[in-house]
Amino acid sequence: MSEETKKAIHEAVTSAPVVLFMKGTPEAPACGFSRATIQILGQQGVDPAKFAAYNVLEDPDLRTGIKEYSDWPTIPQLYVSSEFVGGCDIIMSMAQSGELAEVLEKANALVPEEEEPAKGESAKEEPTKEEKA
């Protein structure tokens with residue numbers, strides 16, 4: 001792998017708290033494993049503002065270089081907080097065990113939950129005109 005490719009991959013890995021190297025795009029995955037990984041990340045509640053995806057099909061150097069960079073032979077590859085997490089099978093297993101949620105939460109990569117009302121405050125909304133009648 002060239003130094004230029006290695007530098008580009010490092011910059012990509014560190015570009016967001018959650019980074020996915022995949023085939024295709026999140027909107028149009030080009031393989032079932034990439035699609036499954038995107039779905040899992042969505043189900044986990046990953047904040048789109050803290051997520052970056054790179055389509056390895058657009059760049060042959062990236063496609064071969066990321067495998068060397070991670071010493072992992074397959075795509076997709078997920079990085080959280082610049083650390084390699086794994087491919088589709090590992091992500092699925094981690095999602096089922098709850099470990100993926102922990103990793104994503106620790107990285108502060110999830111969509112913030114809505115604030116719950118303080119004790120004594122009601123979460124009820126004002127009644128509508130129809131309800132008052």
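This text goes with the structure placed above it.
In this report, the structure presented in the accompanying data block is examined. In this text, all values refer to a predicted model and were calculated from it rather than measured experimentally.

1. So, the packing of helix H1 (residues 3-13) against helix H3 (residues 60-70)
The interhelical angle for the contact between H1 and H3, taken along N-to-C directions, is 75 degrees, at an axis separation of 10 Å. Considered as vectors, H1 and H3 are oriented roughly perpendicular to each other. Between H1 and H3, the residues in contact are Thr5, Lys6, Ile9, His10 and Val13 and Asp61, Leu62, Gly65, Ile66 and Tyr69, respectively. Taken together, the residues of the contact of H1 with H3 sort by class into five nonpolar, three polar and two charged.

2. Quick word on the packing of helix H4 (residues 88-97) against helix H5 (residues 99-106)
The interhelical angle for the contact between H4 and H5, taken along N-to-C directions, is 90 degrees, at an axis separation of 4 Å. Of the possible angle classes, the one that applies to H4 and H5 is roughly perpendicular. In contact with Ile91, Met94, Ala95 and Ser97 of H4, H5 contributes Glu99, Leu100 and Val103.

3. Details of the pairing of strand S1 (residues 18-22)
Among the five residues in S1, five count as buried, and that is most of the element. Here S1 shows no split at all, with Val18, Leu20 and Met22 on one side and Val19 and Phe21 on the other all buried. Strand direction decides the pairing type here: S1 and strand S2 (residues 51-55), joined by five bridges, are parallel. Looking at S2, one finds that methionine 22 is bridged to asparagine 55. The parallel pair S1 and S2, bridged by helix H2 (residues 32-44), forms a crossover whose chirality is right-handed. The sheet contact formed by S1 and strand S3 (residues 77-80) spans four bridges and is antiparallel. Note on S3: the bridge partner recorded for phenylalanine 21 is glutamine 77.

4. Let's talk about the sheet that holds S3
Hydrogen bonding along the main chain pairs the strands of a sheet, whether they run parallel or antiparallel. Within the open sheet, the four strands sit side by side as S2-S1-S3-S4. Their pairing is mixed. The open sheet has two free edges, formed respectively by S2 and strand S4 (83-86), since each of these has just one partner strand. For this sheet, the mean inter-axis angle between neighbouring strands, taken without regard to orientation, is 25 degrees. Here H3 sits on the sheet in contact with S1, S2, S3 and S4, set at roughly 55 degrees to S3. Where H4 meets the sheet, it contacts S3 and S4, and its direction lies at approximately 85 degrees from that of S4.

5. Let's talk about unusual backbone geometry
In this model, isoleucine 75 is joined to proline 76 through a cis peptide bond whose omega is 10 degrees. With respect to the secondary-structure elements, proline 76 resides in the loop between H3 and S3. For serine 82, which is not glycine, the phi torsion reads 70 degrees and is therefore positive. When you line up the elements, serine 82 lands in the loop between S3 and S4.

Definitions and cut-offs
- Residues numbered from 1 in each chain as written.
- Predicted model: local features only at pLDDT ≥ 70, side-chain atom pairs only at ≥ 80, totals over all residues.
- Heavy atoms only, no water.
- Axes fitted to C-alpha atoms, helices over the stretch in contact; angles between N-to-C directions.
- Helix = DSSP H or I, 4+ residues; strand = E, 2+ residues; numbered from the N terminus.
- Parallel < 35°, antiparallel > 145°, perpendicular 65-115°, else oblique.
- Contact = heavy atoms within 4.5 Å.
- Nonpolar A, V, L, I, M, F, W, Y, C, P; charged D, E, K, R; others polar.
- Buried < 20%, exposed > 50% of the residue type's maximum accessible area, 1.4 Å probe, protein only.
- Pairing = 2+ DSSP bridges.
- Right-handed = clockwise from strand over helix to strand, strands pointing away.

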